[in-house]
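Survey of secondary and tertiary structure
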Amino acid sequence: IFTPFIKTFLIVLSGIWKLNNLKITIYFRTADSYNAAAFVNLGNCCFIKGDTEKAKELYQVALDNDASCVEALYNTGLCNKKLGLFEDALEDFFKLHSIVRNHSEVVYQLANLYEVMGDMDQAIEWYLQLLGLTPTDPVILQKMGAIFDNEGDKQQAYQYHFDSYR
């Protein structure tokens, strides 16, 4: 017997979620209303469908049920980022960073948000922290090279680009 949580996930996995929106809703209504994972799962389904607002609401419900649900907090940050609510996304990722220190995905999101917002000093600071966690990541090294190149520091840009090709 599959729980509503598993059924929804299987519908998405099978690629027929477009045809079964009604089934997803029915399965969800039979789920435990205090199960944060079920709300996160349905939020993921909505996010895949492109309904970012609804996904954000569902992640918020998951957080209301279980404040320690880091997946819901991370996904809320991603929704805010996609919706262009960068300050809210920063707040979400800072909360998450205080819970799971030095998690590379969270540090990346913080750095990327600052980069998108145009605060290159903060972006560089967070990318440097990320390089402390993943020192040989060529994508991050290239990003640092591009940032320093745009800032006019050709020597730093060259060094980061060179390191990314090692």
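**Here we look at the environment of Ile124**
With respect to the element layout, Ile124 can be found in helix H8 (residues 120-133). With relative accessibility at 12%, the residue Ile124 sits in the buried group. The spacing of Ile124 and Ala111 is 13 residues in sequence and 7.2 Å in space, taken between C-alpha atoms. Setting aside its immediate chain neighbours within four residues, Ile124 contacts Met144, Ile147 and Phe148.

**Focus: the packing of helix H5 (residues 70-82) against helix H7 (residues 104-117)**
Packed helices, taken two at a time, are described by the angle their axes make and the gap between the axes. At a minimum axis distance of 12 Å, the contact between H5 and H7 shows a crossing angle of 20°. Looking at the two axes, H5 sits roughly parallel to H7. Seen from above, H5 lies across H7 with left-handed handedness. Residues Tyr74, Leu78 and Lys81 of H5 touch H7, and the partners they reach there are Glu105, Val106, Gln109, Asn112 and Leu113.

**Re the packing of aromatic side chains**
Summed over all chains, the structure comprises five aromatic pairs. With a centroid separation of 6.4 Å and an interplanar angle of 55°, the aromatic rings of Tyr108 and Tyr127 are classed as tilted. Of the two residues, Tyr108 is situated in helix H7 and Tyr127 in helix H8; the sequence distance between them amounts to 19 residues. Pairing Phe148 with Tyr160 gives two aromatic rings, centres 5.5 Å apart and planes at 0°, and the pair type is stacked. Separated by twelve residues along the polypeptide, Phe148 in helix H9 (residues 138-151) and Tyr160 in helix H10 (residues 154-164) bring together distant segments of the chain. The ring centre of Phe47 lies 4.8 Å from the NZ or CZ of Lys82, which sits over that ring.

Calculation rules
Residues numbered from 1 in each chain as written. Predicted model: local features only at pLDDT ≥ 70, side-chain atom pairs only at ≥ 80, totals over all residues. Heavy atoms only, no water. Helix = DSSP H or I, 4+ residues; strand = E, 2+ residues; numbered from the N terminus. Buried < 20%, exposed > 50% of the residue type's maximum accessible area, 1.4 Å probe, protein only. Contact = heavy atoms within 4.5 Å. Axes fitted to C-alpha atoms, helices over the stretch in contact; angles between N-to-C directions. Parallel < 35°, antiparallel > 145°, perpendicular 65-115°, else oblique. Left-handed = near helix turned anticlockwise from the far one by under 90°. Phe/Tyr/Trp six-rings, centres within 6.5 Å; stacked < 30°, edge-to-face > 60°. Lys NZ or Arg CZ within 6 Å of the ring centre and 35° of its normal.

Honestly, it's all geometry; don't read function into it.
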